[in-house]
Amino acid sequence: MNTAGHPEATARRGLELTPFRGLRYDPDRVGSLAAVTSPPYDVVVRPDGLHHLQDADPYNIVRLILPQAATAGARNEQAAATLRHWLSEGVLAADPEPGLYVYEQRDGDGMLQRGVIGALRVSEPAEGLVLPHEDVMPHVVADRAALMRATSANLEPLLLTYRGDGTTADTTAVIERTAEGPPLLSTTTEDGYSHRLWSITDPADLDLVQSDLSHRQALIADGHHRWATYRRLRAEHPSPSPWDHGLVLLVDTARYPLRVRAIHRLLHDLPVPDALAALDGLFRVRRLEVPLAEALETLADAACTGNAYLLAGDGAFHLVDDPDPGLLARTVPTDRPPAWRTLDATVLHATLLAHIWHIPEDDPTRIAYIHDTAATVSKAERDGGTAVLMHPVREDVVRDLARQGVTMPRKSTSFGPKPASGLVLRALDL
């Protein structure tokens, strides 16, 4: 069933998802499956979250996706050595036959998400098959590429979405039917999410999924840097090769809509009073002496009528909105659609970061991108920096811009729930 490298496969004008032999933890060799999982590498709040995960279990996947050493080369060598050691010990073992994997996530509020994990043929943007919606940072792509080269593995799946027909046909039918059987694994992580995984190995089911997806188009929901890494590594290896494909989770949002959350910014070495002083006369600023939840509600109301942000780090929240129209006209590029020019992330990057605060968006010594709202605020208060809290963008806006070939500023959105890292890996030499 693995069509990787076949001429007829590359001629398809749709998604090509191929089976693979998943690497999975042996539950008898680890403390618990929950203890060896991690959020995706870029969601881990460092150093606190990293240390917590490392202490959870000596085999936690964070030791592979975020290895710790003095230099980048040493980190990648350490990850490769750790992976080899775990394989030799049997901590990680390959499933006996190639398959696709049904992955389910549930939370305590009744949310249910199911999708299919497989090795997706890597395509270029011009093919219009996998649509990015955000720019990437070159140094992050270089970092992920070096790690994948060293380990010769896809250590965590990207999250991609597609729009099915909203019926119980083909992929959906296979997913739902598979989920009625006993799972390969079941665990609940400390965030309250339960996770289950099944394999699809029946040739007829694999054919149904592959045929259905062969005329679909996907949107990158989470994993822009890793998809760019897949593209870079594929270009480095003559085709056909295992690098022609990359590990992904595909979710049909017609059946399982994702949640869209914001990614916040932490501005190092910029105290809140200095950040606010630079806005004088350019934005309206209002101080809010309220709890975080109430401040976020105020932000949501303000975002309905224009660009709005919350600044925090000095023990209070400051609503920043109503930018000067002349300022926006001078600072926001005019070569993109209106929907892009009016994005909060566009105005933040083009006007606030570049023009007012003079902070490079890709300098990790000046700015950090953090998914957790409370963690962003607490780190700003602890470090003396400024937290910039964002309001999420609607999914339809993201998809419409992506279909126009327009990418949003980096780290504009956080789709979720994200797949847990550590439940299934892909080794490229299997």
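Quick summary incoming for the structure in this document.

Definitions and limits used
Residues numbered from 1 in each chain as written. Predicted model: local features only at pLDDT ≥ 70, side-chain atom pairs only at ≥ 80, totals over all residues. Heavy atoms only, no water. Phe/Tyr/Trp six-rings, centres within 6.5 Å; stacked < 30°, edge-to-face > 60°. Helix = DSSP H or I, 4+ residues; strand = E, 2+ residues; numbered from the N terminus. Buried < 20%, exposed > 50% of the residue type's maximum accessible area, 1.4 Å probe, protein only. Lys NZ or Arg CZ within 6 Å of the ring centre and 35° of its normal. Axes fitted to C-alpha atoms, helices over the stretch in contact; angles between N-to-C directions. Parallel < 35°, antiparallel > 145°, perpendicular 65-115°, else oblique. Left-handed = near helix turned anticlockwise from the far one by under 90°. Contact = heavy atoms within 4.5 Å. Nonpolar A, V, L, I, M, F, W, Y, C, P; charged D, E, K, R; others polar. 1 Å grid on protein atoms, 1.4 Å probe; cavity = no way out; pocket = protein on both sides within 12 Å on 5 of 7 lines; lining within 4 Å. Points joined across faces, edges and corners; volume = space filled by probe spheres on them. Core = buried A, V, L, I, M, F, W, Y, C linked by side-chain atoms within 4.5 Å. Pairing = 2+ DSSP bridges. Salt bridge = Lys/Arg side-chain N within 4 Å of Asp/Glu carboxyl O. Lys, Arg positive; Asp, Glu negative; His and termini not counted. Polar contact = N/O pair within 3.5 Å; in protein donor to acceptor, adjacent residues only side chain to side chain.

A few points about the packing of aromatic side chains
Reasoning step 1: On inspection of all chains with the given rule, the structure shows four aromatic pairs.
Reasoning step 2: Ring centres of W227 and Y230 lie 6.0 Å apart, and the angle between their planes is 70°; on these two criteria the pair is classed as edge-to-face. Here Y230 and W227 lie together in helix α9 (residues 224–236), a separation of three residues that amounts to about one turn.
Reasoning step 3: Under the relative-accessibility criterion, W227 is labelled buried at 4%.
Reasoning step 4: Ring pairs connect the aromatic residues Y25, Y59 and W86, which therefore count as one cluster.
Reasoning step 5: Lying across the ring of Y41, R144 places its NZ or CZ 4.0 Å from the centre.
Reasoning step 6: Across the ring face of W340, the terminal group of R336 is positioned such that the distance to the ring centre comes to 4.4 Å.

With respect to unusual backbone geometry
Reasoning step 1: Put simply, S239 and P240 share a cis peptide bond, and its omega is 5°.
Reasoning step 2: Mapped onto the elements of the fold, P240 is located in the loop between α9 and β12 (245–252).
Reasoning step 3: Of note, the amide linkage connecting G416 to P417 takes the cis form, showing an omega dihedral of 5°.
Reasoning step 4: Looking at where P417 falls in the secondary structure, it is placed in the loop between β20 (414–416) and β21 (425–427).

Let's talk about the packing of helix α6 (residues 138–151) against α9
Reasoning step 1: It is the contact of α6 with α9, at a shortest axis distance of 9 Å, that shows an interaxial angle of 60°. It follows from the interaxial angle that α6 and α9 lie oblique. Where α6 crosses over α9, the handedness of that crossing is right-handed. Taking contact as the criterion, the partners of V140, V141, A142, R144, A145, M148 and R149 in α6 are, on α9, H225, R226, A228, T229, Y230, R232, L233 and E236.
Reasoning step 2: Tallied by class, the residues present in the contact of α6 with α9 amount to eight nonpolar, two polar and five charged.

Comments concerning the layout of surface pockets
Reasoning step 1: The calculated volume of the largest pocket comes to roughly 1200 Å³.
Reasoning step 2: In terms of lining residues, the largest pocket is bounded by 42 residues, among which P39, V43, D191, Y193 and D372 are the most central.
Reasoning step 3: For the lining of the largest pocket, the secondary structure elements donating two or more residues are α2 (33–36), α3 (48–56), β13 (259–261), α11 (292–303), α15 (373–383) and β20.
Reasoning step 4: Looking at the lining of the largest pocket residue by residue, the class counts come to 23 nonpolar, 13 polar and six charged.
Reasoning step 5: Space inside the second largest pocket adds up to approximately 840 Å³.
Reasoning step 6: If you trace the second largest pocket, you find 32 residues lining it, with R46, L66, H139, V140 and P364 closest to the centre.
Reasoning step 7: Looking at the lining of the second largest pocket, the elements with two or more residues in it are α5 (72–89), α6 and β18 (367–370).
Reasoning step 8: With five residues, the single largest contributor to the lining of the second largest pocket is α6.

Remarks on the environment of P337
Reasoning step 1: As for its placement among the helices and strands, P337 is situated in the loop between α12 (325–331) and α13 (338–341).
Reasoning step 2: You can call P337 buried: its relative accessible area is 19%.
Reasoning step 3: In the structure, P337 is positioned 75 residues away from A262 in sequence and 21 Å away in space, judged by C-alpha atoms.
Reasoning step 4: Those residues within four positions of P337 in sequence are excluded, and the remaining contacts are Q404 and V406.

Observations concerning the nonpolar core
Reasoning step 1: Core analysis: the largest hydrophobic core is formed by 114 residues, its most contacted members being Y25, L250, Y309 and W357.
Reasoning step 2: At seven residues, the largest contribution of residues to this core is made by helix α14 (residues 344–357).
Reasoning step 3: Setting aside chain neighbours within four positions, we find L250 in contact with L15, L17, G115, V116, L160, Y162, L213 and A218.
Reasoning step 4: Residues A295, A302, A308 and V377 belong to the second largest nonpolar core, which totals 15 residues.

Some remarks on the sheet that holds strand β3 (residues 92–94)
Reasoning step 1: Taken together, four strands build an open sheet; the order of strands is β3-β2-β21-β7 and the sheet is antiparallel. The open sheet is flanked by β3 and β7 (153–154), the only strands paired with a single partner.
Reasoning step 2: Pairing of strand β2 (residues 22–25) with β3, which is carried by three bridges, proceeds in the antiparallel orientation. Residue L23 lies in a different strand from β3, and its bridge partner there is A94.

Things to note about the pattern of salt bridges
Side chains that differ in sign of charge can pair as their charged atoms come close.
Reasoning step 1: All chains considered together, the criterion is met by 29 salt bridges.
Reasoning step 2: A salt bridge links R382 to D383, with the shortest nitrogen-to-oxygen separation between them at 3.9 Å.
Reasoning step 3: Linked through salt bridges whose partners overlap, the residues forming this network are E104, R106, R114, E176, R196 and R255.

Observations regarding the side chain of E134
Reasoning step 1: Among the structural elements, E134 can be located in the loop between β6 (130–131) and α6.
Reasoning step 2: Lacking a salt bridge, the buried E134 has K411 as its closest oppositely charged neighbour, with an N-O distance of 6.0 Å.
Reasoning step 3: For E134, the side chain forms a polar contact with the main-chain nitrogen of T413, separated by 2.7 Å.
Reasoning step 4: With residues near it in sequence (within four places) discarded, E134 still touches H224, T407, M408, P409, R410, K411, S412 and T413.

Description of empty space enclosed by the protein
Reasoning step 1: Inspection of every chain in the model, using the stated rule, returns four cavities of 30 Å³ or more.
Reasoning step 2: Its boundaries defined by the atoms lining it, the largest cavity holds a volume of some 100 Å³.
Reasoning step 3: Looking at the largest cavity, it is lined by 14 residues, and the ones nearest its centre are E134, D222, G223, H224 and K411.
Reasoning step 4: Listed by contribution, the elements that provide at least two residues to the lining of the largest cavity are β11 (218–222) and α9.
Reasoning step 5: Counting residues per element, the lining of the largest cavity draws most heavily on α9, which supplies three residues.
Reasoning step 6: Each pocket or cavity is described by its volume, and for the second largest cavity that value is around 60 Å³.

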